[in-house]
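Single-letter residue listing:
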Amino acid sequence: DAEITQSPRHKITETGRQVTLACHQTWNHNNMFWYRQDLGHGLRLIHYSYGVQDTNKGEVSDGYSVSRSNTEDLPLTLESAASSQTSVYFCASSPLGSNEKLFFGSGTQLSVL
Amino acid sequence: GENVEQHPSTLSVQEGDSAVIKCTYSDSASNYFPWYKQELGKRPQLIIDIRSNVGEKKDQRIAVTLNKTAKHFSLHITETQPEDSAVYFCAATNTGNQFYFGTGTSLTVIP
């Protein structure tokens, strides 16, 4: 069955380290998104991509980067992890076109100590 | 950009009672409004959605209403059950590809 998977499920890192979170989907969806979820803030968009080689900044993109070299993957990189980036990170995808629902991955709990 | 506000942030109801969660949006161009349910430790999952050309949509015990003039939409859950306990998120989109989420409502159904 098609799916969207994130890895790792849990990650503990130290301040200043580079961290990459993986997101892989097998639906052949053009659109992929990264959100962070924090209490009191809901889901906030970090970066998104509408297709290969396309990346865009969301509302909380500072300190994060993404790359889209193929349809299936959108890795999220924290260039120099900060304690403020401790959060739960969700990847999501949707088919090309208007008003299509988002399919979420199972999330990555990241702790920056 | 779009701004989605959601109320209340927490809601407790007795089993069998109804629950209502409200959201407002700012961009009159928004035309699709989904609701997601997130159980503890799980991923958000779509439970119901409504498009701007419809005023109300029902699916068994859940319904969503949309008032385009006032720019608000609501989720209604009737005959609540303990398994309805979760965090609910509303969202709005005007481009069809970028979603703006509310801050979530933690619903507790008391048996």
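Just above sits the structure.
Just so it is clear, the structure is predicted and the values come from calculations on it, not from any experiment.

K.L.:
Account for the overall build of chain A, with residues named and values stated.
P.N.:
When you go through chain A residue by residue, the secondary structure sums to 0 helices and 11 strands. Relative to the compact-globule value of 13 Å for 113 residues, chain A shows a C-alpha radius of gyration of 13 Å, a close match. Along the longest, intermediate and shortest principal axes, the C-alpha atoms of chain A span 40 × 30 × 30 Å. Counting across all 113 residues of chain A, residues that qualify as buried make up 47%. Long-range pairs, those at least 24 residues apart, make up 53% of the contacts in chain A with a sequence separation of at least 6. Surface accessibility of chain A: about 5,200 Å² in total, with carbon and sulfur atoms responsible for 46%.

K.L.:
Any chance you could break down the pairing of strand 6 (residues 54–57) of chain A for me, citing the residues and the numbers?
P.N.:
In terms of strand pairing, strand 5 (residues 42–51) of chain A meets strand 6 of chain A through 3 bridges, oriented antiparallel. Residue pairing in the sheet places His 47 of chain A in a bridge with Lys 57 of chain A of strand 6 of chain A.

K.L.:
Could you give an account of the state of the cysteines, with specific residues and numbers?
P.N.:
Applying the stated rule across the entire model yields 2 disulfides over all chains. The disulfide that involves Cys 23 of chain A links it to Cys 91 of chain A, with 1.8 Å between the sulfurs. Disulfide Cys 23 of chain A-Cys 91 of chain A: the torsion about the S-S bond is -70 degrees, which places it as left-handed. Taken together, the residues span a long stretch of sequence, with Cys 23 of chain A in strand 3 (residues 19–25) and Cys 91 of chain A in strand 9 (residues 87–94) at a distance of 68 residues. An identical accessibility class is assigned to Cys 23 of chain A and Cys 91 of chain A; each is buried. Here Cys 23 of chain B is linked by a disulfide to Cys 90 of chain B, with a sulfur-sulfur distance of 1.9 Å. Here the disulfide of Cys 23 of chain B and Cys 90 of chain B is left-handed, its torsion about the S-S bond being about -100 degrees. Of the two residues, Cys 23 of chain B is situated in strand 3 (residues 19–25) and Cys 90 of chain B in strand 9 (residues 86–92); the sequence distance between them amounts to 67 residues.

K.L.:
Outline the interface of chain A and chain B, listing residues and values.
P.N.:
With 25 residues of chain A at the interface, the matching set in chain B holds 20 residues. Remark: the boundary between chain A and chain B carries 1 salt bridge. Here Glu 3 of chain A and Arg 43 of chain B are joined by a salt bridge, their closest N and O atoms 3.3 Å apart. Counting the contacts that link chain A with chain B gives 4 residue pairs in polar contact (both at pLDDT 80 or more). Elements represented by at least two residues in the side of chain A that touches chain B include exactly strand 4 (31–38) and strand 5 of chain A. No other element matches strand 5 of chain A, which puts 5 residues into the side of chain A that touches chain B. Looking at the side of chain A that touches chain B residue by residue, the class counts come to 11 nonpolar, 10 polar and 4 charged.

K.L.:
Quick rundown of the environment of Arg 61 of chain B? Include the residues and the values.
P.N.:
Residues and elements named next belong to chain B. For Arg 61, the location among the structural elements is in the loop between strand 6 (56–59) and strand 7 (62–67). Taking relative accessible area as the criterion, Arg 61 reaches 23% and is therefore assigned partly exposed. When the C-alpha atoms of Arg 61 and Ile 47 are compared, they prove to be 11 Å apart, with 14 residues separating the residues in sequence. Reaching out from Arg 61, the side chain makes a polar contact with the side chain of Asp 84 at a distance of 2.8 Å.

K.L.:
Any chance you could break down the environment of Cys 23 of chain A for me, citing the residues and the numbers?
P.N.:
Residue Cys 23 of chain A is classed as buried on the basis of its relative accessible area, which comes to 2%. Sequence separation between Cys 23 of chain A and Glu 100 of chain A is 77 residues, and the spatial gap between their C-alpha atoms is 19 Å.

K.L.:
Pulling in residues and values, what's your account of the nonpolar core?
P.N.:
Judged by nonpolar contacts, the single largest core of 23 residues is most densely connected at Trp 35, Phe 73 and Leu 107 of chain B. Broken down by secondary-structure element, the contributors of at least two residues to this core are strand 2 (10–14), strand 3, strand 4 (32–38), strand 5 (45–51), strand 7, strand 8 (72–77), strand 9 and strand 11 (105–110) of chain B. By size, the runner-up hydrophobic cluster in this structure holds 18 residues, among which are Cys 23, Trp 34, Val 60 and Val 66 of chain A.

K.L.:
Could you give me a rundown of the sheet that holds strand 8 (residues 76–78) of chain A, with the residues and numbers involved?
P.N.:
Residue and element names in this part refer to chain A. Taken together, 4 strands build an open sheet; the order of strands is 1-3-8-7 and the sheet is antiparallel. Across the chains shown, the open sheet's two edge strands, defined by having one partner strand only, are strand 1 (4–7) and strand 7 (64–66). Between one strand axis and the next, the sheet turns through 20 degrees on average, direction left out of account. In this structure, strand 1 lies alongside strand 3, joined through 4 bridges in antiparallel fashion. The residue bridging Ile 4 from the neighbouring strand is Gln 25, located in strand 3.

Rules and cut-offs
In this convention, every chain numbers its residues from 1, walking through the sequence in written order. The lettering of chains begins at A and the numbering of ligands begins at 1, in the order of writing. Where totals are concerned, whole chains, interfaces and linings use all residues; where local detail is concerned, this predicted model gives features only for residues with pLDDT of at least 70, and gives and counts side-chain atom pairs only at 80 or more. Excluding hydrogens and water, the side-chain figures rest on all heavy atoms present in the structure. Segments assigned H or I by DSSP are reported as helices when at least four residues long, segments assigned E as strands when at least two residues long, and all are numbered from the N terminus. To get the radius of gyration, use the C-alpha atoms; to get the globule rule, take the number of residues to the power 0.38 and multiply by 2.2 Å. Here's how the labels work: a residue is buried when its accessible area is under 20% of the maximum for its type, exposed when over 50%, partly exposed in between, all with a 1.4 Å probe on protein chains only. Contacts between residues were defined by any pair of non-hydrogen atoms, one from each residue, lying within 4.5 Å. With residues, only the protein chains shown are counted as cover, and all accessible areas are computed by Shrake-Rupley using a 1.4 Å probe. Between any two strands, pairing holds if DSSP finds at least two bridges. To count as a disulfide, a pair of cysteine sulfur atoms needs to be within 2.5 Å. Note on definitions: salt bridges are taken to be side-chain nitrogens of Lys or Arg within 4 Å of carboxyl oxygens of Asp or Glu. Side-chain atoms alone can form a polar contact between residues adjacent in sequence; in general such a contact is a pair of N or O atoms within 3.5 Å, and within protein one must be able to donate a hydrogen while the other accepts it. We call Asp, Glu, Lys and Arg charged. Ala, Val, Leu, Ile, Met, Phe, Trp, Tyr, Cys and Pro are nonpolar, and the rest, Gly among them, are polar. Side-chain atoms within 4.5 Å are what join buried Ala, Val, Leu, Ile, Met, Phe, Trp, Tyr and Cys residues into a set we call a nonpolar core. As a rule, the C-alpha atoms of each element are fitted with a line to give its axis, helices using only the stretch in contact, and angles between N-to-C directions run from 0 to 180 degrees.

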